[in-house]
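# Structural features, examined
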Amino acid sequence: MKLHRPVVSVYTVPTDAPEADGTLAWNSTTMVIAEVTTGDATGTGWTYGPAAVGDFLRDHLAPLVEGRSALDIPAAHDAMCRSVRNAGRPGIAACAISALDIALWDLKARLLELPLARLLGVCRERVPVYGSGGFTTYHDTHLAAQLNGWVHGQRIPRVKIKIGESWGRAVERDLARVHAARQVIGPEAELYVDANGAYTRKQAVRVGHALVEQGVGWYEEPVSSDDLTGLRLVRDALVCDVTAGEYGYDLPYFARMIGAGAVDCLQVDATHCGGITEFLRAAALAQSHGLEISSHCAPHAHAHAATSIPNFRHAEWFHDHVRIEDMFFTGALDPTGGSVHPVTGPGHGLTLRAEEVEEYLVAGPS
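These numbers were taken from a predicted model, which means no experiment stands behind them. (Residues numbered from 1 in each chain as written. Predicted model: local features only at pLDDT ≥ 70, side-chain atom pairs only at ≥ 80, totals over all residues. Heavy atoms only, no water.)

## Brief notes about the overall build of the chain
What counts is decided by this rule: Numbering of helices and strands starts at the N terminus; helices are DSSP runs of H or I of at least 4 residues and strands are runs of E of at least 2. Here the globule rule reads 2.2 Å times residues to the power 0.38, and the radius of gyration is calculated from C-alpha atoms. Relative accessibility decides the category of a residue: with a 1.4 Å probe and only protein chains considered, values under 20% of the type maximum give buried, values over 50% give exposed, and everything between is partly exposed. Should any heavy atoms of two residues lie within 4.5 Å, those residues are considered in contact. With residues, only the protein chains shown are counted as cover, and all accessible areas are computed by Shrake-Rupley using a 1.4 Å probe. The convention is simple: Lys and Arg are positive, Asp and Glu are negative, and His and the chain ends are not counted. By convention, the point assigned to a charge is CZ for Arg, NZ for Lys, CD for Glu and CG for Asp.
A tally of regular secondary structure across the chain gives 14 helices and 15 strands. Its C-alpha atoms give the chain a radius of gyration of 20 Å, near enough to 21 Å, the size a compact globule of 366 residues would have. By its C-alpha atoms, the chain is 60 × 40 × 35 Å across when sized along the principal axes. When each of the 366 residues of the chain is scored for burial, the buried share is 59%. A separation of at least 24 residues holds for 71% of the contacts in the chain among residues at least 6 apart in sequence. Summing over all exposed atoms, the chain offers an accessible surface of approximately 13800 Å²; the carbon and sulfur share of this is 51%. When the 30 positive and 43 negative side-chain charges of the chain are each reduced to one mean point, those points stand 5 Å apart.

## Looking at the pattern of salt bridges
Basically, it comes down to this: Only one rule defines a salt bridge in this text: a Lys or Arg side-chain nitrogen within 4 Å of an Asp or Glu carboxyl oxygen.
A complete count under the given rule lists 19 salt bridges for this structure. Of the charged contacts, one joins aspartate 264 and arginine 235 as a salt bridge, the two residues approaching to 2.7 Å between their closest N and O atoms. Within this pair, whereas aspartate 264 is found in the loop between α10 (251–259) and β9 (265–268), its partner arginine 235 is found in helix α9 (residues 228–237), the two being separated by 29 residues in sequence. By relative accessible area, which is 23% here, arginine 235 ends up partly exposed. Where arginine 313 meets aspartate 241, a salt bridge forms, and the shortest distance between an N and an O atom there is 2.8 Å.

## Here's the deal with helix α1 (residues 52–65)
Note the cut-off: For a helix, the expected span equals 1.5 Å multiplied by the number of residues minus one. Bend at a residue means the angle formed by two fitted axes: the first through the 7 residues ending at that position, the second through the 7 residues beginning there.
The first and last C-alpha atoms of α1 sit 19 Å apart over 14 residues, in line with the 20 Å expected at 1.5 Å per residue. Where α1 bends most, at arginine 58, the angle is about 35 degrees. Buried-residue contacts for α1 involve β1 (7–20), β2 (25–38), β3 (41–48), α2 (73–83), α3 (92–111) and β15 (361–363). Following α1 by one or two positions, glycine 67 adopts a phi angle in the positive range, close to 90 degrees.

## As for the pairing of strand β5 (residues 158–162)
What counts is decided by this rule: Paired strands are those between which DSSP finds at least two bridges.
When you tally the buried positions in β5, you get five out of five residues, the bulk of the element. Neither face of β5 is exposed, since Arg158, Lys160 and Lys162 on one face and Val159 and Ile161 on the opposite face are all buried. Here strand β4 (residues 127–132) pairs with β5 via two bridges, running parallel. Bridging from a neighbouring strand, glycine 131 pairs with valine 159 of β5. As judged from the five bridges shared by β5 and strand β6 (residues 190–194), these two strands associate in the parallel manner. Along β6, the bridge assignment pairs isoleucine 161 with valine 193.

## Side note on the packing of aromatic side chains
Here is the rule: Ring pairs shown here join Phe, Tyr and Trp side chains whose ring centres sit within 6.5 Å, with only the six-membered ring taken for Trp; geometry is labelled stacked below 30 degrees between planes, edge-to-face above 60, and tilted in between.
Applying the stated criterion to the full structure yields 10 aromatic pairs. Centre to centre, the rings of tyrosine 130 and tyrosine 192 are 5.3 Å apart; their planes meet at 70 degrees, and the pair counts as edge-to-face. Of the two residues, tyrosine 130 is situated in strand β4 and tyrosine 192 in strand β6; the sequence distance between them amounts to 62 residues. For the residue pair tyrosine 130 and tyrosine 192, the accessibility class agrees, reading buried in each case. Centre to centre, the rings of phenylalanine 135 and tyrosine 138 are 5.3 Å apart; their planes meet at 90 degrees, and the pair counts as edge-to-face.

## Some words on the sheet that holds β3
Hydrogen bonds along the backbone pair up the strands of a sheet, which may run parallel or antiparallel. Put simply, the rule is: Axis geometry follows a simple rule: fit a line to the C-alpha atoms, using only the stretch in contact for helices, then measure angles between N-to-C directions, giving values from 0 to 180 degrees.
On the basis of which strands lie adjacent, the open sheet formed by four strands has the order β3-β2-β1-β15 and antiparallel pairing. Pairing within the sheet leaves two strands with one partner each, and these edge strands are β3 and β15. Across the sheet, the axes of successive neighbouring strands diverge by a mean angle of 35 degrees, strand direction being ignored. Bridge count between β1 and β15: two bridges; the pairing is antiparallel. By the bridge assignment for β15, tyrosine 11 is matched with leucine 361.

## Describing the environment of alanine 305
Take alanine 305: it is sitting in helix α13 (residues 299–306). Note on alanine 305: relative accessible area 1%, which makes it buried. Distance from alanine 305 to alanine 270, taken between C-alpha atoms, is 9.5 Å for residues 35 residues apart in sequence.

## Details of helix α14 (residues 319–328)
Most of α14 sits inside the fold, with seven of its 10 residues counted as buried. Those residues of α14 that fall on the buried side of the exposure criterion are His319, Asp320, His321, Val322, Ile324, Glu325 and Phe328.

## Here we look at the environment of lysine 162
Basically, it comes down to this: Side-chain atoms alone can form a polar contact between residues adjacent in sequence; in general such a contact is a pair of N or O atoms within 3.5 Å, and within protein one must be able to donate a hydrogen while the other accepts it.
Looking at where lysine 162 falls in the secondary structure, it is placed in strand β5. Along the sequence, lysine 162 and phenylalanine 135 sit 27 residues apart, while their C-alpha atoms lie 5.2 Å from each other. Side-chain polar atoms of lysine 162 contact the side chain of asparagine 196, separated by 3.2 Å.

Shown next as structure tokens:
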């Protein structure tokens, strides 16, 4: 069961409305897909990032995987990680490794004719999710419609919106939007916010006290995730959970964040950190320090692995990526009721609709 050279495709999908958070604005999302085969079986993995991720995957990583055993994922993963020493792992290289690692896990499960969840071993059948979007560019009616759809339509009892507009220079509007969100979802649903590192330390504390009054229980990246001291300061000052970790591209990143006491819940993204292999390692690291993890974005890339993690809190049902994954794959999951049931397969249960999404193709397959 020797691996053929992976095939790489890059797609760019326009957003369905202008989008922004506290520190960035965008109008499209780029998805890099890796497909790896042996015999008649194909595994599919993906990440979100610049098209250069596809170039790096195709030119640098694909030759390293070709010819290896489809069953020996740790060997392939280790070879990829060692090979990027001079290129630098964080960013493009890590995203490329992640997409290929996810494809390898999907392939192995398909070869063994198992759902990926069963291959990893299940400790829960259902994975809780939270609705995520609420971009700062949304007008009030758009925000209300999105929140209504999640909480009252799909019965997802936890939702998150973006705050920190204009690098923290629109606090009054931030708090008005939080208040409006609470009015829409009612008193029972959990309300989360994500500042994307827009605030200064003391500003984040001041805003945090106002958030607590609205029942906000999750305060994501109140300051930059690079400011571990600042995260700890905000965490110590507030009763709501302070969270971060989405920019973790390797295990030492998470070790530093945990060691600094910077978060109450560690966020981990399998499409950034090194795929399923490193996602599971990060979860174990967090568990050893008494922390839960929450997956960041790309919900279908995490769902099967999440079933095997005892300290898993929930998966982010992120609007952009849910929309794209529904468009690109058959087998997309249904979050109605506030959780998904991914224990189906084979593999991660998804099949690429290549012909149907060809209009978004910008590079490959090659």
